Amino acid sequence: MKVLPILVLLSSVAQLCSATPVEPLTCSEDNAATAAHFAMHHINMHHHHGYKFRLSEIQGNKTEKVDDGCNIELQLDLLETKCHTVNPKPFEDCELWSESDRAVIANCTVMISVKNSDAKVTKYNCDTRQVLTNSEMASICPDCPVLVALNNTNGLRAVDSIVKTFNKNTSNQHYYILHEVGRILTGYIPGLGMKYRPEAVLVETRCPMGSRIAIEACKPLCPDRAHHALCSASSNSMGVLGDMDCEFYPPKNTTALGPDEKEPVCKPHPHHGGHFDPPGPPGHAHRKGPPPHAHGQSDNGGKGGKHKHDHDHDHDHLLRGHPDPPGLPGHANRRGPPPHAHGHGHSHDHGQGHGHGSPPRPHGPHGPHGPPCHGVLTNVDPALHPICPWPHPEPPANPRES
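So, how was this worked out
Residues numbered from 1 in each chain as written. Predicted model: local features only at pLDDT ≥ 70, side-chain atom pairs only at ≥ 80, totals over all residues. Heavy atoms only, no water. Helix = DSSP H or I, 4+ residues; strand = E, 2+ residues; numbered from the N terminus. Buried < 20%, exposed > 50% of the residue type's maximum accessible area, 1.4 Å probe, protein only. Contact = heavy atoms within 4.5 Å. Areas by Shrake-Rupley, 256 points an atom, 1.4 Å probe, with all protein chains shown as cover. Phe/Tyr/Trp six-rings, centres within 6.5 Å; stacked < 30°, edge-to-face > 60°. Lys NZ or Arg CZ within 6 Å of the ring centre and 35° of its normal. Pairing = 2+ DSSP bridges. Axes fitted to C-alpha atoms, helices over the stretch in contact; angles between N-to-C directions. Expected span 1.5 Å × (residues − 1). Disulfide = S-S within 2.5 Å. Salt bridge = Lys/Arg side-chain N within 4 Å of Asp/Glu carboxyl O.

### A short note on the overall build of the chain
Argument step 1. Within the chain, the secondary structure is distributed over three helices and 13 strands.
Argument step 2. Burial statistics for the chain: of 402 residues in total, 49% are counted as buried.
Argument step 3. Across the chain, contacts joining residues at least 24 apart in sequence account for 74% of those joining residues at least 6 apart.
Argument step 4. Within the structure as shown, the chain displays about 19500 Å² of accessible surface, and the carbon and sulfur contribution to it stands at 55%.

Shown next as structure tokens:
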């Protein structure tokens, strides 16, 4: 008889340190580091999907003096971190992916205007891609896993199993639904076949645990009032999970509702599809206060927590924490000009699906928010969450329905 997985509470893993304060930006000739730090805060603040980024290298810095200030143009190389955007940890403290875990780089051109000592980012565009293509990685580390498209059929089966397994945890006050697929790694393990290891972000809904409503129909709580969880698990092509690890993130707004108050309803953000703007005045989402303990999460001072579902253990070490192969040049945070000939057409010859026969799922290829950047970017690697241009483009007009 198969034993149901048991949820085991582990120690807190999220260290919520205060972010490094942004120094005042001036038009001096030695402003590159300050300007880059200023730009990084702006980029991460407006990056609402996928993972946070850290600065790798300043490739260029040009300052043009104008009346009452200057215009600054930066060429920056950024590296994707392991912190999803729902993770409250400051991006400066986030760990980077190793190249064997398929590191991601973004080459960004950032424009900053400084007038009367007031600095603001006016524009940026980024080219987001994997540091090494699949063919380049295969020549260095044939056994290393590859990233496949976020709508990979077998990967989504694993994601569906993650959500169902997570909702078996009766200590949660509410059901959770999929917020976003972060990434999907896959690799071949001799004797076991193809294995998949997705990362998925779940969001707390309004549906109480045990309610009879179909979980897929549940609506999420407002982002500032919802718990989130980042879960990863190994799976075979049929969606049967091996082990599952989850990291919890508490709500930003922990203010308890009054006796006659109801949970607020949030409106979708005009630039981010399924993302929602919290109601209330500016700063409402960042109120401090004791976290609500009725949600059944770990009582660790609001620092996040990690849970583990133990299933029948399988040999998934190739998909998780694979060591960097010997001779790899400097890992993901190597210095120097990044390779510019990789392009975006990475081939995925390890069972990549394109939606045919995928498990029932009420969301688009990238989760409930649809394709990134409203489809304005071309040649986007379907395995990644790219940095969208700023100012954010308006979504294209819907074609007239017949």
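### Looking at the packing of aromatic side chains
Argument step 1. Using the criterion set out here, one finds four aromatic pairs in the structure.
Argument step 2. Between Tyr-51 and Trp-97 the ring centres are 5.7 Å apart and the planes differ by 85°, which places this aromatic pair in the edge-to-face class. Remark: Trp-97 occurs in the loop between strand 3 (69–84) and strand 4 (104–115) and Tyr-51 occurs in strand 2 (residues 51–66); sequence separation between them is 46 residues. Accessibility assignment for this pair places Tyr-51 and Trp-97 in one class, buried.
Argument step 3. Residues Phe-166 and Phe-248 carry aromatic rings whose centres are separated by 5.6 Å and whose planes lie at 45° to one another, so their mutual orientation is tilted. You can see Phe-166 sitting in helix 3 (residues 153–166) and its partner Phe-248 sitting in strand 10 (residues 241–249), a full 82 residues away along the chain.
Argument step 4. Phe-248 sits in the buried class, given a relative accessible area of 3%.
Argument step 5. Looking at Arg-183, its charged tip hangs above the ring of Trp-97, at a distance of 3.7 Å from the centre.

### Things to note about the sheet that holds strand 4
The strands making up a sheet are joined through hydrogen bonds of the backbone, oriented either antiparallel or parallel.
Argument step 1. One open sheet holds the four strands; their spatial order is 2-3-4-5, and the pairing between them is antiparallel. Each edge of the open sheet carries a strand with a single partner, namely strand 2 and strand 5 (118–130). Taken over all neighbouring pairs, the strand axes of this sheet differ in orientation by 15° on average, direction set aside.
Argument step 2. With 13 bridges connecting them, strand 2 and strand 3 associate as antiparallel partners. Within the sheet, the bridge partner assigned to Lys-62 lies in strand 3 and is Glu-73.
Argument step 3. Where helix 1 (residues 32–45) meets the sheet, it contacts strand 2, strand 3, strand 4 and strand 5, and its direction lies at approximately 130° from that of strand 2.

### Looking at helix 1
Argument step 1. Here helix 1 spans 20 Å end to end across 14 residues, near enough to the 20 Å set by a 1.5 Å rise per residue.
Argument step 2. Of all 14 residues in helix 1, 11 are buried; the element is thus mostly enclosed.
Argument step 3. The complete set of buried residues in helix 1 reads Thr-34, Ala-35, Ala-36, His-37, Phe-38, Ala-39, Met-40, His-41, His-42, Ile-43 and Asn-44.
Argument step 4. Against the buried residues of helix 1 lie strand 2, strand 3, strand 4 and strand 5.

### Topic: the state of the cysteines
Argument step 1. Tallying each qualifying case throughout the model produces seven disulfides.
Argument step 2. Covalently, Cys-231 is tied to Cys-246 through a disulfide, its sulfur atoms 2.1 Å apart. Taking the torsion about the S-S bond as the criterion, the Cys-231 to Cys-246 disulfide, at about 115°, is right-handed. Placement of Cys-231 in strand 9 (residues 228–235) and of Cys-246 in strand 10 is noted, with a sequence separation of 15 residues between them.
Argument step 3. Look at Cys-231 and you get buried, because its relative accessible area is 0%.
Argument step 4. Judged by its relative accessible area of 1%, Cys-246 falls in the buried class.

### Description of the environment of Leu-192
Argument step 1. Counting through the fold element by element, Leu-192 comes out in the loop between strand 7 (174–189) and strand 8 (193–208).
Argument step 2. Residue class for Leu-192 comes out partly exposed when judged on its relative accessible area of 38%.

### Describing the environment of Gly-210
Argument step 1. Of note, Gly-210 is situated in the loop between strand 8 and strand 9.
Argument step 2. Judged by its relative accessible area of 57%, Gly-210 is exposed.
Argument step 3. Expressed as a C-alpha distance, the spacing of Gly-210 and Thr-170, which sit 40 residues apart in the sequence, is 8.3 Å.

### Looking at the pattern of salt bridges
Argument step 1. In the structure shown here, the tally under the stated rule is seven salt bridges.
Argument step 2. Note that Lys-82 and Glu-95 form a salt bridge whose closest N and O atoms lie 3.2 Å from each other. Placement of the pair is Lys-82 in strand 3 and Glu-95 in the loop between strand 3 and strand 4, with a sequence separation of 13 residues.
Argument step 3. Here Arg-197 ties to Asp-245 by a salt bridge, and the two come within 3.6 Å at their closest N and O atoms. On the criterion of sequence distance, the pair formed by Arg-197 in strand 8 and Asp-245 in strand 10 is long-range, its members being 48 residues apart.
Argument step 4. Classification of Arg-197 as buried rests on a relative accessible area of 7%.
Argument step 5. Here the salt bridges share partners, and the residues they tie into one network are Arg-197, Asp-243 and Asp-245.

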